[in-house]
Amino acid sequence: MSIHSTKTKYGQRYLGNSNEKEVHDLENEAGVCQIDEIIQADHAVRFNPDSLNEAKRNGYDNCHWCIGNSKR
Ligand SMILES: [Zn+2]
């Protein structure tokens, strides 16, 4: 098992909230992001490729807390 993986416990770096149309950086997750709640509510979206650009391309806005530069 590698300890050098940049992947988080979720196996991905970016996670979208399909309800809020916001993307979170799981490597910089803040408590207010409520990632577990997003997953439990079945609003979690993965991007392919797993990048911020791909999230933007899909119309997702940055989370104010873990990424910043939110447009809202
Ligand atoms: Zn966030």
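Above this note sits the structure.
The present account deals with the structure reproduced in this document. The structure displayed is predicted, hence computed values, not measured ones.

Let's shift gears to the overall build of the protein. In terms of helices and strands, the protein carries two helices and four strands. Reading the protein from its N end, one meets helices and strands in the order β-β-α-β-α-β. Out of the 72 residues in the protein, the part that is buried amounts to 22%. Residue pairs at least 24 apart in sequence account for 52% of intrachain contacts in the protein once pairs closer than 6 positions are excluded.

In sheet architecture, strand pairing relies on hydrogen bonds along the backbone and comes in two forms, parallel and antiparallel. Here we have four strands laid out as an open sheet, ordered β3-β1-β2-β4, and mixed in their pairing. The open sheet has two free edges, formed respectively by β3 (44-45) and β4 (61-62), since each of these has just one partner strand. Pairing of strand β2 (residues 22-25) with β4 involves two bridges; the strand directions are parallel. Paired with Val23 across the two strands is Asn62, which belongs to β4.

Rules behind the numbers
- Residues numbered from 1 in each chain as written.
- Predicted model: local features only at pLDDT ≥ 70, side-chain atom pairs only at ≥ 80, totals over all residues.
- Helix = DSSP H or I, 4+ residues; strand = E, 2+ residues; numbered from the N terminus.
- Buried ≥ 20, exposed ≤ 12 C-beta atoms within 10 Å, placed from the backbone.
- Contact = placed C-beta atoms within 7 Å.
- Pairing = 2+ DSSP bridges.

Shape is all these values report; function is a separate question.
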